[in-house]
Protein chains: 2
Amino acid sequence: MTDQFADPAALDRAALEEGATFAPRFDADGLIPAIAQDAETGEVLMLAYMNADALAATLETGEAHYWSRSRGELWHKGAISGQTQTVLELRTDCDQDTILMKVRANGDGGCCHVGYRSCFYRSAGGDGSLAPNGVPKLAD
Amino acid sequence: MTDQFADPAALDRAALEEGATFAPRFDADGLIPAIAQDAETGEVLMLAYMNADALAATLETGEAHYWSRSRGELWHKGAISGQTQTVLELRTDCDQDTILMKVRANGDGGCCHVGYRSCFYRSAGGDGSLAPNGVPKLAD
């Protein structure tokens, strides 16, 4: 699927889970979920998806790149809005099918296209409802 | 796909993104990614997937339930290991295709089957390598 990263199918389970080879496990669509977490506050800002090109661009430039599933194109987060994300650290999980980035949110510090600092601005009740949870809206 | 939650296709974009109706957008496989974050430390512990039954069980019991893609069954996290996750808050994101839970990690405080407190115990270098990042291993 990509020759930019090691092939996870070539690793045994111990190497995949405890080894030193980065072999991201893209799914059948060539995507891997990537969580962006504010490096300073710990706030989880968003989850989006990367293909191999986006992950490579993220590592090369130090700014978060994703694959926009809705637009079907490489997405340099913040290129238009100014809300770029400087990637201070990029982690993967035990079976290498998720990315976690510690980021600094640039521009106005926002992340979400709806205007909030984090995309997770609503919390669920047990009754099927959502309510605002205090995540600030920046872009009103 | 499920009658346990509102149908996101019945909502317009404004209602989906800024409304008070919880209408989780399960993917074509009936799954939604769910991030577990330590409520106290802010550490991102893991990402796994929920189907509608797992999400409903999580809301009903207050303990994280996932869908195990490898075993093909409902997975009450910690039922065997003791590493249950008490869900203090459950959030969704702007377009309701991701879940974020603030949890208390029970048992020995671990999360990962490899023995670490968080699944994200390795960080990527620019050279295709992974290195330990200081996440403690509990179950040696």
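Colleague: Could you give an account of the overall build of chain A, naming the residues involved and the relevant values?
Modeller: Check the secondary structure of chain A and you find two helices and eight strands. Ordered by position from the N terminus, the helices and strands of chain A form the series α-β-β-α-β-β-β-β-β-β. Expressed as lengths along the three principal axes of its C-alpha atoms, the size of chain A is roughly 50 × 35 × 30 Å. Counting only contacts in chain A whose residues sit at least 6 apart along the sequence, the fraction spanning at least 24 positions is 39%.

Colleague: Run through unusual backbone geometry, naming residues and quoting values.
Modeller: All names here are of chain A. One non-glycine residue, Gln96, adopts positive backbone phi at about 55°. Along the chain, Gln96 falls in the loop between strand S5 (85-92) and strand S6 (99-105). Since 25 C-beta atoms lie within 10 Å of it, Gln96 is described here as buried.

Colleague: Account for helix H2 (residues 52-61) of chain A, with residues named and values stated.
Modeller: All names here are of chain A. Where H2 is concerned, the buried positions are Ala54, Leu55, Ala57 and Thr58. Down the axis of H2, the buried set is contained in an arc of 160°. They therefore lie on one face. Contacts from the buried residues of H2 go to strand S1 (32-38), strand S2 (44-50), strand S3 (65-68), strand S4 (73-76) and S5. Of the residues one or two after H2, Gly62 is the one with positive phi, at around 75°.

Colleague: Would you mind going over the nonpolar core in detail, with residue names and values included?
Modeller: Ranked by internal contacts, the top residues of the largest apolar core, which has 72 residues, are Ala34, Ile35 and Met101 of chain A together with Ala34, Ile35 and Met101 of chain B. Setting aside its immediate chain neighbours within four residues, Met101 of chain A contacts Ala34, Ile35, Ala36, Gln37, Ala64, Val87, Glu89 and Leu90 of chain A.

Colleague: I'd like to hear about the interface of chain A and chain B, residue by residue, with values.
Modeller: Opposite the 37 residues of chain A that make contact, chain B presents 37 residues. Those elements that provide at least two residues to the side of chain A that touches chain B are helix H1 (13-18), S1, S2, S5, strand S7 (122-124) and strand S8 (130-132) of chain A. Among the elements that take part in the side of chain A that touches chain B, S5 of chain A stands out by supplying four residues, more than any other. Each residue belonging to the side of chain A that touches chain B can be placed in one class, and the counts come to 20 nonpolar, eleven polar and six charged.

Colleague: Let's hear about the pairing of S6 of chain A: which residues, and what values?
Modeller: Residue and element names in this part refer to chain A. Among the seven residues that make up S6, six are buried, leaving the element largely enclosed by the rest of the structure. For S1 and S6, the ladder comprises five bridges, and the chain directions are parallel. Bridging from a neighbouring strand, Ala34 pairs with Ile99 of S6. Two elements, S5 and S6, share seven bridges in a ladder whose sense is antiparallel. When the sheet's bridge partners are listed, Arg91 is paired in S6 with Leu100.

Cut-offs applied
Residues numbered from 1 in each chain as written. Chains lettered and ligands numbered in written order. Predicted model: local features only at pLDDT ≥ 70, side-chain atom pairs only at ≥ 80, totals over all residues. Helix = DSSP H or I, 4+ residues; strand = E, 2+ residues; numbered from the N terminus. Contact = placed C-beta atoms within 7 Å. Buried ≥ 20, exposed ≤ 12 C-beta atoms within 10 Å, placed from the backbone. Arc of directions from axis to C-beta. Core = buried A, V, L, I, M, F, W, Y, C linked by C-beta atoms within 7 Å. Nonpolar A, V, L, I, M, F, W, Y, C, P; charged D, E, K, R; others polar. Pairing = 2+ DSSP bridges.

Any functional reading would require information that these geometric values do not contain.
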